[in-house]
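What follows is each chain in one-letter form.
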Amino acid sequence: MKRILVLMAFVLMSITAMAQEQTAAAPDGNDYSIIKDELVDGVRYVTAAPSAKVCSKQIDIQIRDGVILSVVYTRGCEGNAKGIGALIKDMTVEEAIRRLDGITCGKRGTSCPDQLARILKEL
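Here the structure is a predicted model, which is why all the values come from computation and not from measurement. Throughout, a residue's number is its position along its own chain's written sequence, starting from 1. Where totals are concerned, whole chains, interfaces and linings use all residues; where local detail is concerned, this predicted model gives features only for residues with pLDDT of at least 70, and gives and counts side-chain atom pairs only at 80 or more. For the side-chain quantities, the full set of heavy atoms in the structure was used; hydrogens and water were omitted.

Enquirer: I would appreciate a short explanation of the packing of helix 3 (residues 93–100) against helix 4 (residues 112–122) in the present structure.
Expert: A packed helix pair is summarised by two numbers, namely the angle formed by the two axes and the spacing between the axes. An axis is simply a line fitted to the C-alpha atoms; with a helix, the fit covers only the stretch in contact. Between two such axes, the angle follows the N-to-C directions and lies from 0 to 180 degrees. Under the scheme used here, helices are H or I runs from DSSP no shorter than 4 residues and strands are E runs no shorter than 2 residues, and both carry numbers assigned from the N terminus. Running from N to C, helix 3 and helix 4 point in directions that differ by 140°, and their axes come no closer than 9 Å. Classed by the angle they form, the pair helix 3 and helix 4 counts as oblique. When you trace helix 3 past helix 4, the crossing you get is left-handed. From helix 3, Val-93, Ala-96, Ile-97 and Leu-100 reach across to helix 4, where they touch Pro-113, Asp-114, Leu-116, Ala-117, Leu-120 and Lys-121. When the residues that make up the contact of helix 3 with helix 4 are grouped by side-chain class, the tally is 8 nonpolar, no polar and 2 charged. Roughly parallel refers to an angle under 35 degrees, roughly antiparallel to one over 145, roughly perpendicular to one between 65 and 115, and oblique to any angle outside these ranges. Here a crossing is called left-handed whenever its near helix is offset anticlockwise from the far helix by less than a right angle, and right-handed whenever the offset is clockwise. We call two residues in contact whenever any of their non-hydrogen atoms come within 4.5 Å of each other. All residues other than Ala, Val, Leu, Ile, Met, Phe, Trp, Tyr, Cys, Pro, Asp, Glu, Lys and Arg, Gly among them, are scored as polar; the first ten of these are nonpolar and the last four charged.

Enquirer: Explain the state of the cysteines here, please?
Expert: Sulfur atoms of two cysteines make up a disulfide when they are within 2.5 Å. On inspection of all chains with the given rule, the structure shows 0 disulfides. Cys-77 takes part in no disulfide bond, and the closest cysteine sulfur, belonging to Cys-55, lies 5.0 Å away.

Enquirer: Before we go on, may I ask you to explain the sheet that holds strand 1 (residues 33–40) in this structure?
Expert: Pairing between the strands of a sheet is mediated by backbone hydrogen bonds and can be parallel or antiparallel. A sheet is described by the order of its strands in space; here 4 strands give the open sequence 1-2-3-4, paired in antiparallel fashion. Each edge of the sheet is formed by a strand with only one pairing partner; in this case those strands are strand 1 and strand 4 (67–74). Ignoring strand direction, the axes of neighbouring strands in this sheet form an average angle of 15°. Bridge count for strand 3 (residues 58–64) against strand 4 is 7 bridges, and the pairing is antiparallel. Looking at the pairing, Ile-59 lines up with Tyr-73 of strand 4. Along the sheet, helix 4 makes contact with strand 1, strand 2 (43–49), strand 3 and strand 4, crossing strand 3 at roughly 45°. A pair of strands is considered paired only if DSSP assigns at least 2 bridges between the two.

Enquirer: Quick question: what am I supposed to make of the nonpolar core here?
Expert: For the purposes of this section, nonpolar cores are sets of buried Ala, Val, Leu, Ile, Met, Phe, Trp, Tyr and Cys residues that join through side-chain atoms within 4.5 Å. The rule is simple: take the accessible area with a 1.4 Å probe, protein chains only, and divide by the maximum for that residue type; under 20% is buried, over 50% is exposed, in between is partly exposed. Formed by 23 residues in total, the largest nonpolar core has its most connected members in Ile-61, Ile-68, Val-71, Tyr-73, Ile-88, Leu-116 and Leu-120. Those elements giving two or more residues to this core turn out to be strand 2, strand 3, strand 4, helix 2 (78–88), helix 3 and helix 4. The element contributing the most residues to this core is helix 4, with 5 residues. Among residues more than four places away in sequence, those in contact with Val-71 are Ile-59, Asp-60, Ile-61, Gly-85, Ile-88 and Leu-116.

Enquirer: Sorry, what's going on with the pattern of salt bridges here?
Expert: Should their charged atoms come close, side chains of opposite charge can pair. By definition here, a salt bridge exists when the distance from a side-chain nitrogen of Lys or Arg to a carboxyl oxygen of Asp or Glu is within 4 Å. Throughout the structure, instances matching the rule amount to 8 salt bridges. One salt bridge connects Arg-118 with Asp-31, and the closest N-O pair in it is separated by 3.9 Å. Here Asp-31 lies in the loop between helix 1 (2–23) and strand 1 and Arg-118 lies in helix 4, a separation of 87 residues in the sequence. Relative accessible area serves as the criterion here: at 22%, Asp-31 is assigned to the partly exposed category. In this structure, the salt-bridge partner of Arg-99 is Glu-95, at a minimum N-O distance of 2.5 Å. Of this pair, Arg-99 and Glu-95 both sit in helix 3, 4 residues apart, which is roughly one turn of that helix. According to the relative accessible area criterion, Arg-99 is partly exposed, its value standing at 49%. Among the residues examined, Glu-95 registers a relative accessible area of 22% and is labelled partly exposed. Residues joined in a network through salt bridges with shared partners are Asp-31, Lys-53, Asp-114 and Arg-118.

Printed below as a string of structure tokens:
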């Protein structure tokens, strides 16, 4: 009997967690959130929390006059994250969006580069 109760509690907690994840998405369908967006001495500093579907936990972006100065991912695939940041440094926001938008990682429907493109579109 104890095993059944423990199993039922586990299933209930899992269902509750899945429901909370689904309701956590923003009303416009984006499942990322912009934590900080400020302009200091002509540089726009943006910090965002990407979708829980991807490995990275935070994306920090610096932009000046529509050109990406830097992108730093927290967690995720370190080499790929550093590679993305290096490749799009000095690229216009529009070009980065064009190149990264729609890239998927497995069956997730998004990826760390796609999350960056989604965030850049909103800015």
